[in-house]
Amino acid sequence: MASLLKHAVFQSVRRFPALQVNGIRCISITPFNLQKYFSEKHEYVDVKDEGGKKVGTVGITDYAQDKLGEVVYVQLPEVGCQLEMEGEAGVLESVKAASEVFSPVSGIVTAVNPNHADKPNLVNESPYDKGWLFKIKLSEPEELKKLMNEETYLAYIKTIE
């Protein structure tokens, strides 16, 4: 196994000479410290540590956007707004219906996605990336224990279909 790994690294260095400095192979690994949690109401929060504070990026799941249909209007909370876990945080209107967005955690809204004003259907096109709704500084990080991880969430949605 170790020789297989050495071979893979060697091949990468051969293809990308910039990975060598003065003949020494250099490998850089970027830490990916986001942890995604899911609510039963189909919101997610990606949590990362920022200077000892937990900050989450909130959006709706792919399952939720699919059930909602094409989103045509997004109403988001204001920056500085205090939200409670499972409290209403906004509204998504689609060609099918209007649906409330609930905050999966408690905290203070630090940013909203400005792209939804011009392109609300980003929620549909890219729910986990460009279609995020708002960022929140968690006031009660222990609430994350009440949410599901991705594996549990995927099992959960199979039970409701």
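Here the structure is a predicted model, which means the values were calculated and not measured.

Quick notes on the rules
Residues numbered from 1 in each chain as written. Predicted model: local features only at pLDDT ≥ 70, side-chain atom pairs only at ≥ 80, totals over all residues. Heavy atoms only, no water. Core = buried A, V, L, I, M, F, W, Y, C linked by side-chain atoms within 4.5 Å. Buried < 20%, exposed > 50% of the residue type's maximum accessible area, 1.4 Å probe, protein only. Helix = DSSP H or I, 4+ residues; strand = E, 2+ residues; numbered from the N terminus. Contact = heavy atoms within 4.5 Å. Salt bridge = Lys/Arg side-chain N within 4 Å of Asp/Glu carboxyl O. pLDDT = per-residue confidence, 0-100. Phe/Tyr/Trp six-rings, centres within 6.5 Å; stacked < 30°, edge-to-face > 60°.

Trainee: Talk me through the nonpolar core; I want residue IDs and the actual numbers.
Mentor: Core analysis: the largest hydrophobic core is formed by 23 residues, its most contacted members being Val45, Leu92, Leu133, Phe134 and Leu144. Secondary structure elements with two or more residues in this core: strand S4 (43–50), strand S5 (53–60), helix H2 (62–68), strand S6 (71–75), strand S8 (88–94) and strand S11 (134–138). Among the elements that line this core, the one with the most residues is S11, at three residues. Filtering out sequence-adjacent residues up to four positions away, Leu92 remains in contact with Ile60, Leu68, Val71, Tyr73, Val74, Ala97, Ala98, Ser99, Val101, Val123 and Leu133. Of all hydrophobic cores here, the second largest spans seven residues; its members include Tyr44, Tyr63, Tyr153 and Ile157.

Trainee: How would you sum up the pattern of salt bridges? Please name residues and give values.
Mentor: Under the definition given, this model contains two salt bridges. The salt bridge partner of Glu50 is Lys48, with a shortest N-O separation of 3.5 Å. By relative accessible area, Lys48 is classed as partly exposed at 33%. For Lys119, the salt bridge is made with Glu125, and the minimal N-O distance between the two is 3.2 Å.

Trainee: I'd like a description of the confidence of the model for the protein chain, backed by residues and values.
Mentor: Averaged over all residues, the pLDDT of the protein chain is 85; the fraction at 70 or higher stands at 79%. Confidence drops under a pLDDT of 50 for residues 1–21, and excluding neighbours within four residues, the segment shows ten contacts in the predicted structure. Predicted confidence for residues 26–33 stays below pLDDT 50, and this span has six contacts to residues more than four positions away or in other chains.

Trainee: Provide a residue-level description of the packing of aromatic side chains, including the pertinent values.
Mentor: Counted under the stated rule, the structure contains three aromatic pairs. Both rings, one in Phe38 and one in Tyr153, keep their centres 4.7 Å apart while their planes meet at 10 degrees; by these two values the pair is stacked. With a gap of 115 residues between them, Phe38 in strand S3 (residues 35–38) and Tyr153 in helix H4 (residues 150–160) connect regions that are remote in the sequence. By the burial criterion, Phe38 is buried, and Tyr153 matches it. In textbook terms, an aromatic cluster arises when at least three aromatic residues are bridged by ring pairs, as seen for Phe38, Tyr153 and Tyr156.

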